[in-house]
Structures are given as C-alpha cells and as structure tokens.
Amino acid sequence: MYDTILLPTDGSEATTDAAAHAFSHAERYDATIHVLSVVEISSGLGTAGRDEEKLSRRKREQTVTAKQLVEEHAPDGVDATVTVKFGSPARVITEYATEIGADLAVMSTRARGSAERVVFGSVTEQVIQGGDTPVLAVQH
C-alpha cells in the first residue's frame, strides 16, 4: 500500500509522536522512510558571509537531529534516508513529497477544535491543502 513515506521533522517532541506512526507504517508495508528537515530562511538572512555560516550551522544541527530520530525510532530493517533542505517548510515539504513520489506524509500537528471543524498546525494545514500526497496528521 505504501512504498515511500515522508516524515517531515522540526526536531520537536511532537515529531517523535509522528515518527512512531511513520516507522510503524514503514515496517508494516516494507516502505522506505524519507526524513526531511527544512531550514527556514527568514527574511533577515541572506546567503553571504555570516548568514551563510549560520545557515550551514543550522543545517548541520538539523541533520544530526534527524539522524538521531532515525537511530532512536527506526526498527531494524526499515530503510530510512535523511535530507535537509532550505526554504519555506510547507513549500519544501510539498515539493519534496512530489519529487520522491511519496505515497504518504506523516506529520505532527497541534490540532484543535471541535468534531465539526479541526484546525491543524499551520505547516501541516498548508501541506494538506497545497499538496497531492495524502497526509496522516498525528495530534500531539
């Protein structure tokens, strides 16, 4: 049913909850997990000099955090890759899901609301609305 599962991570505890679901699905369906971390480039950061150093450091930090997530939560035999990209999180997640042909994206959310209307976290909501990949939103 699922061959390629995308797990976006921001390094938060909520991502750990989503990871449990993603790795469970990967194990069950013998799917590959793509762990994606996005370094958001704020309007105050450019790509020259010190800003470039900051971005490089943030990329290294997020790579380490994503790899730790895999090491701590991936069951034996589950194939997982880690990718870190720069940009707007929702846009990068949506584009990367298409790029890898993801069958499912598993994302954390701080969903709130009533049974009639659930409001998801902003990035998760944007990915649900803006992409073609099915999203499993794991409430934290």
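In case you missed it, the structure is sitting above this.
Reading guide: rules and limits
Residues numbered from 1 in each chain as written. Predicted model: local features only at pLDDT ≥ 70, side-chain atom pairs only at ≥ 80, totals over all residues. Heavy atoms only, no water. Pairing = 2+ DSSP bridges. Helix = DSSP H or I, 4+ residues; strand = E, 2+ residues; numbered from the N terminus. Axes fitted to C-alpha atoms, helices over the stretch in contact; angles between N-to-C directions. Contact = heavy atoms within 4.5 Å. Core = buried A, V, L, I, M, F, W, Y, C linked by side-chain atoms within 4.5 Å. Buried < 20%, exposed > 50% of the residue type's maximum accessible area, 1.4 Å probe, protein only. Salt bridge = Lys/Arg side-chain N within 4 Å of Asp/Glu carboxyl O.

### As for the sheet that holds strand S1 (residues 4–9)
Then comes step 1: On the basis of which strands lie adjacent, the open sheet formed by five strands has the order S3-S2-S1-S4-S7 and parallel pairing. Either end of the sheet is taken by a strand with one partner, and the two such strands are strand S3 (80–86) and strand S7 (135–139). The sheet shows a mean angle of 25 degrees between the axes of neighbouring strands, taken without regard to direction.
Then comes step 2: For strand S2 (residues 32–39) and S3, the ladder comprises seven bridges, and the chain directions are parallel. When the sheet's bridge partners are listed, Val35 is paired in S3 with Val82.
Then comes step 3: Its contacts with the sheet put helix H1 (residues 13–29) on S1, S2, S3, strand S4 (104–109) and S7, and the angle it makes with S1 is roughly 170 degrees.
Then comes step 4: Where helix H3 (residues 89–100) meets the sheet, its contacts fall on S1, S2, S3 and S4, and the angle it forms with S2 comes to roughly 150 degrees.

### Some thoughts on the nonpolar core
Then comes step 1: Counting residues in each nonpolar core, the largest one holds 18 residues, and the members touching the most others are Ile5, Leu7, Phe23, Ile33, Val35 and Val106.
Then comes step 2: Listed by contribution, the elements that provide at least two residues to this core are S1, H1, S2, helix H2 (49–73) and S4.
Then comes step 3: Excluding its chain neighbours within four sequence positions, the residues that come into contact with Val106 are Ile5, Leu6, Leu7, Pro8, Ala18, His21, Ala22, Leu136 and Val138.
Then comes step 4: Core analysis: the next-biggest nonpolar cluster, separate from the first, contains 13 residues, Val38, Tyr96, Ala105 and Met107 among them.

### Brief notes about the pattern of salt bridges
Then comes step 1: All told, the structure shown has three salt bridges when counted by the stated rule.
Then comes step 2: Across the salt bridge formed by Lys85 and Glu99, the nearest N and O atoms sit 3.9 Å from each other. You can see Lys85 sitting in strand S3 and its partner Glu99 sitting in helix H3, a full 14 residues away along the chain.
Then comes step 3: Take Lys85: its relative accessible area is 28%, and that puts it in the partly exposed class.
Then comes step 4: The salt bridge involving Glu95 is made with Arg91; its shortest N-O contact spans 3.2 Å. Of this pair, Glu95 and Arg91 both sit in helix H3, four residues apart, which is roughly one turn of that helix.
Then comes step 5: The class for Glu95 is partly exposed, based on a relative accessible area of 44%.

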